[in-house]
2 protein chains.
Amino acid sequence: MKIFLKLKYDGSAYGGYQVQKNCPTIQKMLNEATASLFGYECDITGCSRTDSGVHAECFCATVAKKGESGLTTSIPVEKIPQALNVRLPDDIAVFSAEWVEDSFHARYGVKEKTYVYKIHNAPARDPFLRNRAWHIPKRFSDEAVAAADAAARLFCGKHDFSSYMAAGSKVVDTVREVKHASVKKEGDIITFTVTADGFLYNMVRIMCGTLVDVMEGARKPQDIPDITARADRRAAGRTAPAHGLYLYDVKY
Amino acid sequence: MKIFLKLKYDGSAYGGYQVQKNCPTIQKMLNEATASLFGYECDITGCSRTDSGVHAECFCATVAKKGESGLTTSIPVEKIPQALNVRLPDDIAVFSAEWVEDSFHARYGVKEKTYVYKIHNAPARDPFLRNRAWHIPKRFSDEAVAAADAAARLFCGKHDFSSYMAAGSKVVDTVREVKHASVKKEGDIITFTVTADGFLYNMVRIMCGTLVDVMEGARKPQDIPDITARADRRAAGRTAPAHGLYLYDVKY
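Quick caveat, the model's predicted, so the values are computed rather than measured.

K.L.:
Explain the domain arrangement of chain A residue by residue, including any values.
P.N.:
Residues and elements named next belong to chain A. Domain parsing of chain A yields domain 1 (2-100) and domain 2 (112-251). Taking the mean C-alpha position of each, domain 1 and domain 2 sit 28 Å from one another. Across the boundary between the two partners, domain 1 contributes 14 residues, which contact 15 residues of domain 2. Taking both sides of the interface into account, the surface hidden between domain 1 and domain 2 amounts to around 1100 Å²; carbon and sulfur atoms contribute 54%. Together, Asp-51, His-55 and Glu-57 form the three largest contributors to the area buried by domain 1 at its contact with domain 2, with a combined 42%. Linking domain 1 to domain 2 there are two salt bridges. We note a salt bridge from Asp-10 to Arg-132, for which the minimum N-O separation is 3.2 Å.

Right, dumping it as C-alpha cells:
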C-alpha cells in the first residue's frame, strides 16, 4: 500500500511541480516533508507536471518508500495531512491522505482533469490577484464573453489538439477528448474551465490565449474548428501567462 | 487643490502604512511613486495607520507638494491611477484619483470606516489564504457563528471601548460609536464586519479575538456589555492576528 495525497498550492514561488536543479519545486518540498515525517527517502509521483507559476486547487500524488512500491508507517493516515503540513511551506497544503494499492498510479491512472484559467478583467490591477489571475485592463462586453463561451464549447470532443500544443513538445499522440469547456464572468473575473482526458503541453494556456482573441474581436467562435483542424501551433492564439492557471480537479 | 487617492493593498510585505526607518511601508512606496510621477517630493496623508500585515480593500490618501497645501500637475487626473501603478509594487494599486480642496483632510475628515476581519475555519490551511485570513482549524458550528453574530451586535452604539484598546495606547478619548457589527459565515470563511466613526488601537482585532472566545464557548453573547462596561483591556479576549484584517471602506 502507498499513500495517496491531495494538496493545494500557490505555485508563485516555485519552478513548477517537478524536481529541478537550483530551483524550489513542489515535488522537492514534498520529498523533504515526507522524508522528515516517515524517516526515509520517498518517491513522490504526481498527477501532472504543472509549470512554473501554475497553481493547484487539487493536485494528487502518491508517496512510496524510495525504490519500493509501497511504504509502512505507524502514523494513522488521517493524521498525515497535518503532520506533512507542519513540514511544508505555507504555500503548499495537504488536505487529504488515504491508503491506495501499490498498483495505483497517480499519473497514468488519471481519467480526467479539470483546469480553471482566471482572467482579472478590470482597468486597475488588484493586489490580491497578483500572481493569481491574468490581468487584462480593457473590459470585455458581455457579448464578447458570450462569444468566448461559444468558442470554448467548440473545443469539446475528441480531436487532434496539436494547434494548442507548445512548439517543440515531443508528444506523438496529440489526440485528446475535451469533455467540457466553458467561459463565464462573475464580477471582474472571467473564468475558462476545461475538462479533458488529458492535456498537451500548454494546451489550456494556448486555448485561453485563443479565447482572448475571440473576446478582443480578432477571431470568431466559428474559427475554432478550423484552428483545431489545421493541427499547427501557428493557427492558434498566444499562450496565456502561467499565473492564471489552476489545476482544479483530478478524477481516477 | 490636492489629489485624493483610493488604493488597495496586500499588507503582507509591509511594516504597516506609516513611514518607519529600515522597513518598507505603504506610505514610503506612495512617497516614492508620487515623487517619481510629479517630479517633486510630496506629503502623503493617509486615512488611518494600518498595522504591519493589515490589508486594505479601500485606503484613502491625499497627495500635496511637500510643505504646501496643494499641488500642480499637467497630468489629467484620470490618468493618475495608472501612472502611479506603474511606479508602485504589484501588491499596492491605486484605483481612483480625483481633485479635492486644500481644506480636505484624509484623516480628520473621516466620518466612518468599515473593517472586515476574515477567519478561515477549516481543518487544513489554505495556501491561497495564507497571510489573508486567520486560520482556525477547529470548525465552529452554525450556532457558534450565530452566537458570535449576536455578540457582535452588542458592540453597537456609543460606548467607551477601552476594553478593546491595546494596552499602552495613549488615546484619551476612548468613546466611539459603532454603527454596525455582524458576523457571518460563507463556506469556510467567517467574516466579522464592523463600521464605526473611529477605532481605537487594535480595536477590531481585540473585538474579533473576543468573538472567537464566544464561538469557542468560553464567553456568551450577553457577556459583551459587561466586558465593554469594565473599560479594562483585561476584560476582553486575545488580539486576533493582523493578517486577517482589511480596511474595507471609508466615508467622508
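K.L.:
An account of the packing of aromatic side chains is needed here, citing residue identities and associated values.
P.N.:
Under the defined criterion, the tally for this structure stands at 24 aromatic pairs over all chains. Ring plane angle 85° and centroid distance 4.9 Å describe the contact between Tyr115(A) and Phe199(A), whose orientation is recorded as edge-to-face. With Tyr115(A) in strand S5 (residues 112-120) and Phe199(A) in the loop between strand S9 (189-196) and helix H4 (203-215), the pair connects residues that are 84 residues apart, well separated along the chain. Each member of the pair Tyr115(A) and Phe199(A) is classed as buried. Ring geometry for Tyr246(A) versus Phe128(B): centroids 5.7 Å apart, planes at 50°, classification tilted. Of this pair, Tyr246(A) sits in strand S10 (residues 245-251) while Phe128(B) sits in the loop between strand S5 (112-120) and strand S6 (134-135), which puts the two residues in different chains. Clustering of aromatic rings is evident, with ring pairs tying together Phe155(A), Phe161(A), Tyr164(A) and Phe192(A). Lying across the ring of Tyr40(B), Lys65(B) places its NZ or CZ 4.7 Å from the centre. A cation over a ring is seen here: Lys118(B) above Tyr246(B), with NZ or CZ 4.4 Å from the ring centre.

The rules behind the values
- Residues numbered from 1 in each chain as written.
- Chains lettered and ligands numbered in written order.
- Predicted model: local features only at pLDDT ≥ 70, side-chain atom pairs only at ≥ 80, totals over all residues.
- Heavy atoms only, no water.
- Domains from an automatic or database assignment.
- Contact = heavy atoms within 4.5 Å.
- Buried area = accessible area lost by both parts, 1.4 Å probe.
- Salt bridge = Lys/Arg side-chain N within 4 Å of Asp/Glu carboxyl O.
- Phe/Tyr/Trp six-rings, centres within 6.5 Å; stacked < 30°, edge-to-face > 60°.
- Helix = DSSP H or I, 4+ residues; strand = E, 2+ residues; numbered from the N terminus.
- Buried < 20%, exposed > 50% of the residue type's maximum accessible area, 1.4 Å probe, protein only.
- Lys NZ or Arg CZ within 6 Å of the ring centre and 35° of its normal.

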